[in-house]
Every structure is written in structure tokens, then in C-alpha cells.
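Structural characterization, general
For reference, the chains in residue letters:
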Amino acid sequence: MDEIDENKELKRMEAYCAQAEHCRSEVTDKLVRKGVPYDMADRIADRLEQDKFIDERRYSRAFIQDKFRFAKWGKQKIGLALRQKRIDPAVYQPLLAGIDTEEYLAVLKALLESKKKSLHIADGYECRAKLTRFALGRGFSADDIRLCIGSVDEDEW
């Protein structure tokens, strides 16, 4: 088997991290899958953090913006995804709390209205249940859903 050169792997990971934001767990997992020993992968990740190629806060900010603005995920689903990436909650919780409430509720309301158009249900109770289940699956809290579901036009039910 070829011996793994730490400097070559570091240069590859620098190029990889220069293309897009990545977190420490992504980098170490990629290296370990490639066959790099965990201690070497950890040293490479330390060096990448030191050289500012990876930064958990910067990554979290970009991830939150992407998932909220483009994928229309709620705070709970975003938080769960970041926890799965082994990012410290102290890093991303303030960023999630910093999302503008009005914008957050407007996104949820637009999602609910869009979903309601695809439902062909005459019963208001069943429609509310489906919309609630849909929004919970997207990671929005029950309190936020209650605020928005009442403003979705009920005249059509």
C-alpha cells in the first residue's frame, strides 16, 4: 500500500476547502474515508482551522442562510442538521436566533399557502392537520405554525 503523505493530503484539503465552505467533521470524515489515519486527519483539520480554510462559525452562517433562504427549512431542522455535523450548539444557536422573525414567518406563510394549493380537501380540519404536519416536517415549531396557519385564507375550506 502507498504511504499517505500528510503534506499532500493537506494541500488537497486546502483546495477542497477553497472551493466551498466545509466544516471540520466533513473534512475529517472525507480524509478517514480516503484511508488517512484519524490522528493524521485530526492534525490536518487543525492546520486547516489555523489557516482559516475552515471555520465553524462561518460554515454555520452559510449553512443557515442556504437552508433557510433556498431550501425553506425551519430552525429546528437546520439545528438538527448542524448537530449531525458535530458543530457546537454555542456556535450556531445565536445565528439561528438572529434570523429575522418577520422574514421567518413570511417564509412559513408562503410555504403553507403554496402547499394548500396542492391539497384537494374540502374539510378545514383535515387541511390544517396536513399543513401542520408538512410544516413540522420542514422544521418549523408548532408555535410558529399556529401563528401562520390562521392567516392562511380559510374562505376556500
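Now for a description of the structure that goes with this document. Residue positions are given per chain, counted from 1 along the sequence in the order it is written. Predicted model: local features are reported for residues with pLDDT of at least 70 only, side-chain atom pairs are reported and counted for 80 or more only, and whole-chain, interface and lining totals are derived from all residues. The side-chain values count all of the structure's non-hydrogen atoms but skip hydrogen atoms and water molecules.

So, the overall build of the chain
Rules: Here a helix means four or more residues in a row that DSSP labels H or I, a strand means two or more in a row labelled E, and each is numbered from the N terminus. We compute the radius of gyration over the C-alpha atoms and compare it with the globule rule, which gives 2.2 Å times the number of residues raised to the power 0.38.
Assigned secondary structure in the chain consists of nine helices and zero strands. Taken from N to C terminus, the helices and strands of the chain fall in the order α-α-α-α-α-α-α-α-α. Its C-alpha atoms give the chain a radius of gyration of 21 Å, clearly above 15 Å, the size a compact globule of 157 residues would have. Taken along its principal axes, the extent of the C-alpha atoms in the chain is 70 × 30 × 20 Å.

A word on the packing of helix α8 (residues 124–137) against helix α9 (residues 142–149)
This is how the line gets drawn: Only the stretch in contact is used when fitting a helix axis, every axis being a line fitted to C-alpha atoms; angles between N-to-C directions are given from 0 to 180 degrees. Our angle categories are set so that under 35 degrees counts as roughly parallel, over 145 as roughly antiparallel, 65 to 115 as roughly perpendicular, and the remainder as oblique. Two helices cross in a left-handed way if the nearer one is turned anticlockwise from the farther one by less than a right angle. They cross in a right-handed way if the turn is clockwise. Residue contacts are defined here by distance: any two heavy atoms, one from each residue, within 4.5 Å place the two residues in contact. Ten residue types, Ala, Val, Leu, Ile, Met, Phe, Trp, Tyr, Cys and Pro, are classed as nonpolar, four, Asp, Glu, Lys and Arg, as charged, and the remainder, Gly among them, as polar.
Where α8 meets α9, the closest approach of the two axes is 10 Å, and the angle between their N-to-C directions is 135°. The pairing of α8 with α9 is recorded here as oblique in orientation. As for the relative orientation of α8 and α9, their crossing is right-handed in sense. Between α8 and α9, the residues in contact are Arg128, Leu131, Thr132, Ala135 and Leu136 and Ala142, Ile145 and Ile149, respectively. Its residues assigned to classes, the contact of α8 with α9 comprises six nonpolar, one polar and one charged.

With respect to unusual backbone geometry
Keep this limit in mind: Only protein chains enter the accessibility calculation, which uses a 1.4 Å probe; a residue whose area is less than 20% of its type maximum is buried, one above 50% is exposed, and one in between is partly exposed.
Here the phi dihedral of Lys52 falls at roughly 65°; this positive angle occurs in a residue that is not glycine. Tracing the backbone through its elements, the reader meets Lys52 in the loop between α3 (38–50) and α4 (56–69). With a relative accessible area of 59%, Lys52 lands in the exposed category.

So, helix α7 (residues 101–118)
Formally: An expected span of 1.5 Å times one less than the residue number is assigned to each helix.
Taking 1.5 Å of rise per residue, the 18 residues of α7 would be expected to cover 26 Å, and the 26 Å separating its terminal C-alpha atoms lies within 8% of that figure. Within α7 the residues assigned to the buried category are Tyr104, Leu105, Val107, Leu108, Leu111, Leu112 and Lys116. Buried-residue contacts for α7 involve α4, α5 (75–84), α8 and α9.

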